[in-house]
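A closer look at the structure
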Amino acid sequence: MVSHGRGGPRDSGRHFTPAQIEQIRRTVQRAPEAVVKVLPRDSNDLKAVGKHLDYIGRYGKLELETDDGDRLSGRAGRALLDDWDLDIDDVRRQASLAATKGRKAPKLVHKLMFSMPPGTPSGKVLGAVRNFAREEFWGQHRYALTLHTNEPHPHVHLVLKAVSEKGVRLNIKKATLRHWRSEFARNLWLLGVEANATERAVRGETQKAKKDGIYRASLRGDSTYVRAQAEAVAAELLKGNGRVEPGKRTLLETRRLVESGWRSVASLLAKDAHHDLAGDVQRFVERMPAVRTERESVAHELRQRLPWPRVREQQPSR
């Protein structure tokens, strides 16, 4: 359809499949986006992994579900480390590091988080992740998962052993994450939950998601990164600086290609007698937000919220 800023399908006499039609409909109607994150820190140390397992189990208050279907209560971190033979993996890893000094220690586990927007039934989020994990990892990589509902958006933490039962290490790439998001969304559909898995550019979004630590700190209102960024932009605005960032040209070119691709999709839908959906696609393109870099988005928000003299805002071109 439309991906990575490339154009849509050319008119070769072929029709969209029912699955493609449904994907287009979900996207232009802005179905909730499934989110899969890899938490980056404290994954290559036995003690830290044990602490993380206890943390996601809320130190014994929540059950941990394992790949064997067991439900572990209490502080089960140490027991899982023993059951997964992570101490043996750690010994092998240390021997490898001794032979190649200076290399970063490989991960013992991958810490994943699956989430959906507020209002999504938490039980179905848990069920979708449970089914996803069984399909992707059962019999290969040991894992444990648990549901958190302490924040508005329900989310499931999943801890995955990095080395499989056959000794093969799992390396997570961008393509891996795209596949996992798609499969998470598919498992949500099967449970009757509207969910989508498209890329930001395809939806007309230009801002990257904040790292998990920054995002959580910003929710609490104590993110030093967000505060420093806002202060720097505010200082530039007060001085009247209106510099154009180098990455803006790339964003504008990506948007141009994405809009062109969507218009091709609308044209093909109309030819195939899907006139209502073709109209939805046209409106979706027209309503895409203006192209802004992260700095420009901060500046726009400051202009809207702060009671200083209005500084003329340069409207981004499409």
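The structure we're discussing is the one just above.
The present account deals with the structure reproduced in this document. (Residues numbered from 1 in each chain as written. Predicted model: local features only at pLDDT ≥ 70, side-chain atom pairs only at ≥ 80, totals over all residues. Heavy atoms only, no water.)

Another point: the pattern of salt bridges. Oppositely charged side chains can pair when the atoms bearing their charge come close. Per the stated rule, a full pass over the model turns up 20 salt bridges. We note a salt bridge from Glu22 to Arg26, for which the minimum N-O separation is 3.8 Å. Of this pair, Glu22 and Arg26 both sit in helix H1 (residues 18-28), separated by four residues, roughly a single helical turn. Salt bridges linked by common partners bring Glu22, Arg25, Arg26 and Glu194 together as one network. (Salt bridge = Lys/Arg side-chain N within 4 Å of Asp/Glu carboxyl O. Helix = DSSP H or I, 4+ residues; strand = E, 2+ residues; numbered from the N terminus.)

Take the packing of aromatic side chains next. Tallying each qualifying case throughout the model produces seven aromatic pairs. When the centroid spacing of 6.3 Å and the interplanar angle of 65° are considered together, the rings of Phe137 and Tyr143 count as edge-to-face. A single burial state applies to Phe137 and to Tyr143, both of which are buried. An aromatic cluster is present here, built from Phe114, Phe132, Phe137, Tyr143, Trp180 and Phe184 joined pairwise through their rings. Across from the ring centre of Trp189, 3.7 Å away, lies the NZ or CZ of Arg26, which sits over that ring. (Phe/Tyr/Trp six-rings, centres within 6.5 Å; stacked < 30°, edge-to-face > 60°. Buried < 20%, exposed > 50% of the residue type's maximum accessible area, 1.4 Å probe, protein only. Lys NZ or Arg CZ within 6 Å of the ring centre and 35° of its normal.)

This part takes up the pairing of strand E4 (residues 109-115). Counting buried positions along E4 yields seven of seven residues, so the element is predominantly enclosed. Residues Val109, Lys111, Met113 and Ser115 line one face of E4 and the alternating positions His110, Leu112 and Phe114 line the opposite face, and both faces are buried. As paired strands, strand E1 (residues 35-39) and E4 are joined by five bridges and run antiparallel to one another. Across the sheet, residue Val35 finds its bridge partner in E4, namely Ser115. Looking at chain direction, E4 and strand E6 (residues 155-161) are connected through seven bridges and run antiparallel. For Leu112, the partnering residue across the bridge sits in E6 and is Leu158. (Pairing = 2+ DSSP bridges.)

The next thing to look at is the nonpolar core. By size, the foremost hydrophobic cluster in this structure holds 25 residues, and its most contacted members are Phe114, Met116, Leu145, Leu158, Phe184 and Leu188. When contributions to this core are tallied by element, the ones reaching two or more residues are E4, helix H5 (122-137), strand E5 (143-148), E6 and helix H6 (174-190). For this core, the element with the most residues is H5, which contributes seven residues. Here Met116 is in contact with Pro32, Glu33, Ala34, Val125, His153, Pro154, Phe184, Leu188, Val193, Glu194 and Ala195, once residues within four sequence places are set aside. Counting residues in each nonpolar core, the second largest holds 17 residues, with Ile24, Val28, Leu269 and Phe284 among its members. (Core = buried A, V, L, I, M, F, W, Y, C linked by side-chain atoms within 4.5 Å. Contact = heavy atoms within 4.5 Å.)

Turning to the packing of H1 against helix H10 (residues 275-286), a few remarks are in order. For the pair H1 and H10, the least separation of the axes is 10 Å and the interaxial angle reads 40°. Classified by the angle their axes make, H1 and H10 are oblique. When you trace H1 past H10, the crossing you get is left-handed. From H1, Ile21, Ile24, Arg25, Thr27 and Val28 reach across to H10, where they touch Leu277, Asp280, Val281 and Phe284. In the contact of H1 with H10, the residues fall into six nonpolar, one polar and two charged. (Axes fitted to C-alpha atoms, helices over the stretch in contact; angles between N-to-C directions. Parallel < 35°, antiparallel > 145°, perpendicular 65-115°, else oblique. Left-handed = near helix turned anticlockwise from the far one by under 90°. Nonpolar A, V, L, I, M, F, W, Y, C, P; charged D, E, K, R; others polar.)

The antiparallel open sheet is built from six strands, whose spatial order is E1-E4-E6-E5-E2-E3. For this open sheet the edge positions go to E1 and strand E3 (71-72), each flanked by a neighbour on one side alone. Contacting E1, strand E2 (64-66), E4, E5 and E6, helix H2 (residues 46-56) runs over the sheet at an angle of about 155° to E6. Along the sheet, H5 contacts E2, E3, E4, E5 and E6; its crossing angle with E5, the most-contacted strand, is approximately 170°.

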